[in-house]
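Understanding the architecture of this molecule
Listed below, chain by chain, are the residues.
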Amino acid sequence: MANNCIFCGNPAGSREHIWPKWILERKNFGPFRLKRAGAPDLILNTELTTKAVCHGCNTGWMSKLEAALKPILEPMFEGKSVSLDIYQQQLIALWMVKMAFVWDSTKGRNTDNAFFRNADGIALVQRIMPPFTAVWLGHIGRDYRSADGHDITLDEPPKRVGGGNVVTIVNEQFVAQIVSLRPDQMPTGPTAIQLDFPPGNWNNTLIRVWPQDNANPIEWPPPAALTILDYLLLRDRWRTGDETDHIIHL
Ligand SMILES: [Zn+2]
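Residues numbered from 1 in each chain as written. Predicted model: local features only at pLDDT ≥ 70, side-chain atom pairs only at ≥ 80, totals over all residues. Heavy atoms only, no water.

Another aspect to go through is the pattern of salt bridges. In the structure shown here, the tally under the stated rule is 12 salt bridges. Among the ionic pairs, Arg-26 bridges to Glu-74, the shortest N-O distance being 3.1 Å. With Arg-26 in helix H1 (residues 21-26) and Glu-74 in helix H3 (residues 61-77), this pair connects stretches of sequence that are 48 residues apart. Residue Glu-74 is classed as partly exposed on the basis of its relative accessible area of 22%. A single salt-bridge network, built from bridges that share partners, covers Arg-26, Glu-74, Glu-78, Lys-80 and Glu-172. (Salt bridge = Lys/Arg side-chain N within 4 Å of Asp/Glu carboxyl O. Helix = DSSP H or I, 4+ residues; strand = E, 2+ residues; numbered from the N terminus. Buried < 20%, exposed > 50% of the residue type's maximum accessible area, 1.4 Å probe, protein only.)

In this section: the side chain of Ser-105. Along the chain, Ser-105 falls in helix H4 (residues 86-105). Residues contacting Ser-105, with those up to four places away along its chain left out, are Ile-6, Thr-50 and Ala-52. (Contact = heavy atoms within 4.5 Å.)

Right, let's talk about helix H5 (residues 118-125) for a bit. When we look at burial in H5, the residues that qualify are Asp-120, Gly-121, Ala-123 and Leu-124. Each buried residue of H5 lies within a common arc of 165° when the element is viewed along its axis, so the set occupies one face. Buried residues along H5 sit in contact with H3, H4 and strand S7 (159-183). One or two residues past the end of H5 sits Arg-127, with phi positive at roughly 60°. (Arc of directions from axis to C-beta.)

Turning next to the coordination of the zinc ion. Within the protein, the zinc ion binds to Cys-5 (SG), Cys-8 (SG), Cys-54 (SG) and Cys-57 (SG); these donor distances fall in the range 2.3 to 2.4 Å. Motif for the zinc ion, donor spacing along one chain: C-x2-C-x45-C-x2-C. Of this pair, Cys-8 sits in the segment before strand S1 (14-17) while Cys-57 is found in helix H2 (residues 55-59), placing the two residues 49 residues apart along the sequence. (Donors = N, O, S within 2.8 Å, 3.2 Å for Na, K, Ca; no water.)

In this structure, Phe-7, Met-76, Trp-95, Leu-137, Ile-169 and Phe-174 are the most contacted members of the largest nonpolar core, which totals 54 residues. With 12 residues, the top contributor of residues to this core is H4. Those residues within four positions of Phe-174 in sequence are excluded, and the remaining contacts are Leu-73, Met-76, Phe-77, Ile-92, Trp-95, Leu-137, Gly-138, Ile-169 and Trp-220. (Core = buried A, V, L, I, M, F, W, Y, C linked by side-chain atoms within 4.5 Å.)

We now examine the packing of aromatic side chains. Inspection of every chain in the model, using the stated rule, returns eight aromatic pairs. For the pair Phe-7 and Trp-61, a centre-to-centre distance of 4.9 Å together with 85° between the ring planes defines the contact as edge-to-face. One end of the pair, Phe-7, is in the segment before S1; the other, Trp-61, is in helix H3, and 54 residues separate them in sequence. Of the two residues, Phe-7 and Trp-61, neither departs from the other in class, the shared state being buried. (Phe/Tyr/Trp six-rings, centres within 6.5 Å; stacked < 30°, edge-to-face > 60°.)

This part is about the packing of H4 against H5. Running from amino to carboxyl end, H4 crosses H5 at an angle of 145°, the nearest separation of the two axes being 11 Å. In terms of crossing hand, the pair formed by H4 and H5 is left-handed. For the pair H4 and H5, contact is made by Leu-94, Val-97, Lys-98 and Phe-101 and by Asp-120, Gly-121 and Leu-124, respectively. Class assignment for the residues of the contact of H4 with H5 results in four nonpolar, one polar and two charged. (Axes fitted to C-alpha atoms, helices over the stretch in contact; angles between N-to-C directions. Left-handed = near helix turned anticlockwise from the far one by under 90°. Nonpolar A, V, L, I, M, F, W, Y, C, P; charged D, E, K, R; others polar.)

The next subject is the confidence of the model for the chain. Looking at the chain as a whole, its pLDDT mean stands at 86, while 88% of the residues score no less than 70. Note that residues 241-246 has pLDDT below 50 and, in this model, 19 contacts with residues that lie over four places away or in other chains. (pLDDT = per-residue confidence, 0-100.)

To continue, consider the pairing of S1. What you see with S1 is a clean split: Ser-14 and Glu-16 sit on the buried side and Arg-15 and His-17 on the side with no burial. Where S1 and strand S4 (residues 49-53) come together, three bridges link them in antiparallel fashion. Each residue of the ladder has a partner; that of Ser-14, found in S4, is Val-53. (Pairing = 2+ DSSP bridges.)

What follows covers the environment of Val-209. Locating Val-209 in the fold gives a position in strand S8 (residues 207-210). A sequence separation of 124 residues divides Val-209 from Asp-85, and the C-alpha atoms of the two residues are 9.8 Å apart. With residues up to four places along the chain from it excluded, the contact list for Val-209 reads Gln-89, Val-135, Leu-137 and Ile-218.

As a further point, take helix H7 (residues 228-236). Here H7 has its buried residues at Tyr-231, Leu-234 and Arg-235. Projection of H7 onto a plane perpendicular to its axis shows the buried side chains occupying an angular sector of 100°, all on one side.

What follows is about empty space enclosed by the protein. Counted by the stated rule, this structure contains four cavities of 30 Å³ or more. Estimates place the volume of the second largest cavity at around 50 Å³. What lines the second largest cavity is simply Phe-115, Phe-116, Asp-120, Pro-130, Pro-131, Thr-133, Ser-180, Leu-181, Arg-182 and Met-186. Tallying contributions element by element places S7 first for the lining of the second largest cavity, with three residues. Looking at the lining of the second largest cavity residue by residue, the class counts come to six nonpolar, two polar and two charged. (1 Å grid on protein atoms, 1.4 Å probe; cavity = no way out; pocket = protein on both sides within 12 Å on 5 of 7 lines; lining within 4 Å. Points joined across faces, edges and corners; volume = space filled by probe spheres on them.)

So, in structure tokens, the structure goes:
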């Protein structure tokens, strides 16, 4: 069956790396370990790719986005202090949506449990963020590479009221987390969704780049670095409701 591009809906044929090639080429962390819910771990010598993107997207807006991000992210990977203006904050947020989309597509061809919809993809091509999405950045004291994606359910006991998708990545000293939520009933007016997550030192270890409260630049890294334990807590802090699918990739 033909596979359609997760972004624009055209026939897909381009293989897309979970991690952009320019990031993999910066530093080799050895084989990848892939862990999926209910399945034994797989050790991969090559990086996981997904055939879910069309040639036009891959060589067009996606390649432009990577090129724009490279000079912003590289110093952060190395742990150097940077000041991010609102344009750069938004670019990082858009890039994390792209990462989350690609993760979502690893659930398989024409899966019926994909979180992101074509409308989200078409908006992203226009550099429009999906609704109910937040992106945080952090700093970890030494170099790691890991990516984790899982879905969550939004519950108002006794019933489910929506779903969400969480992707957390670390590359070298840069940590980022994106959370996207989708209520089953889309609200018609402005709405805030409150989600509970375990308490932590998040005010000192994370800075939010999306949504944006004001037009001020933000300083990265945040005041405190994350430890590996903090990172694991961060990765799992939205885990509520039933575990639907969960992939860890180191
Ligand atoms: Zn496309």
